[in-house]
2 protein chains.
Amino acid sequence: MNPPDPFAQRLAAVATETDALLDRLLGAEPAEGEIARPQRLLDAMRHAALGGGKRLRPFLLLESAALFGVSRDGALMAGAALECVHCYSLVHDDLPAMDDDELRRGRPTVHKAFDEATAILAGDALLTLAFDVMARREVHPDAELRVALISELARAAGIGGMAGGQMLDLAAEGRFEKKRPLGEDAIAVMQAMKTGALIRFACRAGAILGNADAKACAQLDLYGAAIGQAFQIADDLLDVEGDSATIGKATAKDAAAGKATLVAALGVSAARSRLNKLVAQADAAMATFGAKADTLRAAARFVAQRQI
Amino acid sequence: MNPPDPFAQRLAAVATETDALLDRLLGAEPAEGEIARPQRLLDAMRHAALGGGKRLRPFLLLESAALFGVSRDGALMAGAALECVHCYSLVHDDLPAMDDDELRRGRPTVHKAFDEATAILAGDALLTLAFDVMARREVHPDAELRVALISELARAAGIGGMAGGQMLDLAAEGRFEKKRPLGEDAIAVMQAMKTGALIRFACRAGAILGNADAKACAQLDLYGAAIGQAFQIADDLLDVEGDSATIGKATAKDAAAGKATLVAALGVSAARSRLNKLVAQADAAMATFGAKADTLRAAARFVAQRQI
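Only a predicted model underlies this, so the values are computations on that prediction, with no experimental measurement involved.

1. Some points on the overall build of chain A
Phase 1: Per the secondary structure count, chain A includes 15 helices and two strands.
Phase 2: When its C-alpha atoms are laid out on the principal axes, chain A stretches across 50 × 50 × 45 Å.
Phase 3: When burial is assessed residue by residue, chain A has 55% of its 308 residues classed as buried.
Phase 4: Sequence separation of at least 24 residues holds for 72% of the intrachain contacts in chain A that already meet a minimum separation of 6.

Below, the structure written as structure tokens:
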């Protein structure tokens, strides 16, 4: 048996706490101002949000916030809000009209376990819940700061971020007109929007919660941008080289769908060296924080090397 | 030619200003923190948001706020955020997996003018934009107040409000299991969630923006709840009695789909007298505001009598 890996332990601890928090936020009891929580919709939201994700984004938010001595409870609440956005995006991306996936983390996707209408509504309601949660006083007592988080989250998730990135990705597949392969730069923009923006937000949010100065915010932003790109390249490598039983979803699907990826554009070997360069960039961005940032350094390597 | 109706003029003025604001918010230029605004997604969002709605919810918000001397610009911005939520809900409700509508305000619905994937994303991005907009300083300089608006909007729109109401409505049609006709009370709960919650929020938001005291907030809440119900009964009467060419969407569709409505449960004549009672309730809730509330009184009659 291997000795326990402190990084893996920290990641697992955040996942456990985030799961517990999401479980509580998705309880049967209506919140103040709500009229009722229809069971079927709640079940679908719970299926989407409590399916055993790694909770990487809440972890990055929490560890970024920890650099500035932010209370764990506030960061966990902000992380749960962010995870609601991530989970909604998976539900909608899996829909038949989008990527048409039947499996997610080894379980049926929401529209398979329920139906399409319920999946659309569950995604909508999770996105809405994210802003409800981010607005709560438990995130941070200062309302100015919560409003800043809400604004940044909305920009990261909306037309100029994640949703826009999904649009560009579908367009690159040739859904709407004749397919024109994207160049390396256009792929980078698409990925910075589709997956990068939320990861980058996670790191920036930690700095915002910690009332960090402009320089520290900029370092976290650089770090987040680097690991966002690394995450996507690792994901694309996994699609090419991974084993579907381990990953819990279909592999080699992106290539089959003609998805625009840097791995396809650069080749596997150049993509691997790009990945190493991004990890070095993330490390460099953490230089000013010293040993306090060791977990974030380990997170960069984890993101680049992940097998699932 | 009829003399100009001051109420209609006020309503039209808010619609014009809201259209202009939404046009600006949905401009081609990315906002700060956004990476790019993909043209196709922007076009679909504009199709959804700039299709010539009456802008009833922004109007109610603005007129409620006016009772407390709130600046018109702040209320218009909050109204635009609210209208983004309303427009997103129409896009998603019209989807083939939901109500499967091809026409909205006399124009093709978003998934007809574009495609399903684009419509799903356009709805998602409009919902996200709503919170971006509500977080802006232009709504009100006090961040505590903006956070309160964001929280109430999320609760009105999410599982415990609008999205939950759509779920109950689909369930009542017998989508998921054998159809069991809803009783009058269950229909009222479903409608209070599906359409009532946003209308009620509009009126409450005016009071929040105006830093109204608890009593005034409660009066606006009563008013909003009454006209929310009146709006839905009028809408259901229109479906039974209206002319599709005037309304710009299919009629007699609800009855065909077996939708649960109070008109079906009570009959047309009892529904009409319920409507009159609700207008009287809305009037009574405005009693303490005197002549200042004349426009809101006229709005209650407008909602009950609307032909389109």
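2. Some points on the nonpolar core
Phase 1: Core analysis: the largest hydrophobic core is formed by 218 residues, its most contacted members being Leu126 of chain A together with Leu126 of chain B.
Phase 2: Setting aside residues up to four positions removed in sequence, Leu126 of chain A forms contacts with Met45, Ala48, Ala49, Cys84, Cys87 and Tyr88 of chain A.

3. Comments concerning unusual backbone geometry
Residue and element names in this part refer to chain A.
Phase 1: At Arg105, a residue that is not glycine, the phi angle is positive and equals roughly 50°.
Phase 2: The residue Arg105 is located in the loop between β1 (103-104) and β2 (107-108) in this model.
Phase 3: A count of 14 C-beta atoms within 10 Å places Arg105 in the partly exposed class.

4. Focus on the interface of chain B and chain A
Often the size quoted for an interface is simply the accessible area lost on bringing the parts together.
Phase 1: Each partner contributes to the interface: chain B provides 55 residues, whereas chain A provides 55 residues.
Phase 2: Breaking the side of chain B that touches chain A down by element, the ones donating at least two residues are α2 (39-49), α6 (116-134), α7 (143-157), α8 (162-172) and α9 (184-209) of chain B.
Phase 3: A per-element tally of the side of chain B that touches chain A places α6 of chain B first, with 11 residues.
Phase 4: Among the residues forming the side of chain B that touches chain A, the class breakdown is 35 nonpolar, nine polar and 11 charged.

5. Some points on the relation of the copies chain B and chain A
Applying a rotation about an axis and a shift along it to one chain copy brings it onto the other copy.
Phase 1: Between chain B and chain A, which share one sequence, the superposing operator has a rotation angle of 180° and an axial displacement of 0.0 Å; the RMSD is 0.0 Å. Here the copies are linked by what is in effect a two-fold axis. The position closest to the rotation axis in chain B is occupied by the C-alpha of Ala143 of chain B, lying 2.8 Å away.
Phase 2: Comparing contact sets, 100% of the residues at the interface of chain B also lie at the interface in chain A, consistent with an isologous, same-surface contact.

6. Regarding the environment of Leu153 of chain B
Residues and elements named next belong to chain B.
Phase 1: Counting through the fold element by element, Leu153 comes out in helix α7.
Phase 2: By C-beta crowding, Leu153 is classed as buried, having 30 other C-beta atoms within 10 Å.
Phase 3: In this structure, the C-alpha to C-alpha distance between Leu153 and Arg55, residues 98 residues apart in sequence, is 17 Å.
Phase 4: Residues in contact with Leu153, not counting those within four places in the same chain, are Leu82, Val85, Met134 and Phe201.

7. As for helix α3 (residues 56-66) of chain B
Phase 1: Of all 11 residues in α3 of chain B, 11 are buried; the element is thus mostly enclosed.
Phase 2: Check the buried side of α3 of chain B and you find it contacts α1 (6-25), α4 (72-93), α9, α10 (214-241) and α15 (294-305) of chain B.

8. Overview of the packing of helix α7 (residues 143-157) of chain A against α6 of chain B
Phase 1: For the pair α7 of chain A and α6 of chain B, interaxial distance at closest approach is 8 Å and the crossing angle is 150°. Comparing their axes, α6 of chain B and α7 of chain A come out roughly antiparallel. When you trace α7 of chain A past α6 of chain B, the crossing you get is left-handed. Where α7 of chain A abuts α6 of chain B, its residues Ile150, Ser151, Ala154, Arg155 and Ala157 of chain A lie against Thr128, Leu129, Phe131 and Asp132 of chain B.

9. What about the confidence of the model for chain A?
Phase 1: Overall, the predicted model of chain A reaches an average pLDDT of 93, with 93% of residues at or above 70.
Phase 2: Both confidence scores are given for the complex: pTM 0.95, ipTM 0.95.

10. Some remarks on the environment of Ser151 of chain B
Phase 1: Here Ser151 of chain B lies in helix α7.
Phase 2: Along the backbone, Ser151 of chain B and Val14 of chain B are 137 residues apart, and their C-alpha atoms lie at a distance of 24 Å.
Phase 3: When neighbours within four sequence positions are excluded, Ser151 of chain B is seen to be in contact with Asp132 and Ala135 of chain A.

11. Quick notes on helix α1 (residues 6-25) of chain A
Residues and elements named next belong to chain A.
Phase 1: Look at α1: 29 Å from first C-alpha to last across 20 residues, which is about the 28 Å you get at 1.5 Å a residue.
Phase 2: What α1 keeps buried is the set Leu11, Val14, Thr18, Leu21, Leu22 and Leu25. For α1, the buried positions fall inside an angular range of 100° around the axis, keeping them on one side. Projecting away from the buried face of α1 at angles above 90 degrees are the exposed residues Pro6, Ala8, Gln9, Thr16 and Arg24.
Phase 3: Where α1 is buried, its residues contact α2 (39-49), α3 (56-66), α4 (72-93) and α6 (116-134).

12. Remarks on the environment of Met162 of chain B
Residues and elements named next belong to chain B.
Phase 1: By secondary structure assignment, the location of Met162 is in helix α8.
Phase 2: Its 28 C-beta neighbours within 10 Å are what place Met162 among the buried residues.
Phase 3: Distance in space between the C-alpha atoms of Met162 and Met193 is 5.0 Å, their sequence separation being 31 residues.
Phase 4: Excluding residues that lie within four positions of it along the chain, Met162 makes contacts with Ser89, Ala156, Ala157, Met193, Lys194, Ala197 and Leu198.

About the cut-offs
- Residues numbered from 1 in each chain as written.
- Chains lettered and ligands numbered in written order.
- Predicted model: local features only at pLDDT ≥ 70, side-chain atom pairs only at ≥ 80, totals over all residues.
- Helix = DSSP H or I, 4+ residues; strand = E, 2+ residues; numbered from the N terminus.
- Buried ≥ 20, exposed ≤ 12 C-beta atoms within 10 Å, placed from the backbone.
- Contact = placed C-beta atoms within 7 Å.
- Core = buried A, V, L, I, M, F, W, Y, C linked by C-beta atoms within 7 Å.
- Nonpolar A, V, L, I, M, F, W, Y, C, P; charged D, E, K, R; others polar.
- Least-squares fit on C-alpha atoms with pLDDT ≥ 70 in both.
- Axes fitted to C-alpha atoms, helices over the stretch in contact; angles between N-to-C directions.
- Parallel < 35°, antiparallel > 145°, perpendicular 65-115°, else oblique.
- Left-handed = near helix turned anticlockwise from the far one by under 90°.
- pLDDT = per-residue confidence, 0-100.
- Expected span 1.5 Å × (residues − 1).
- Arc of directions from axis to C-beta.

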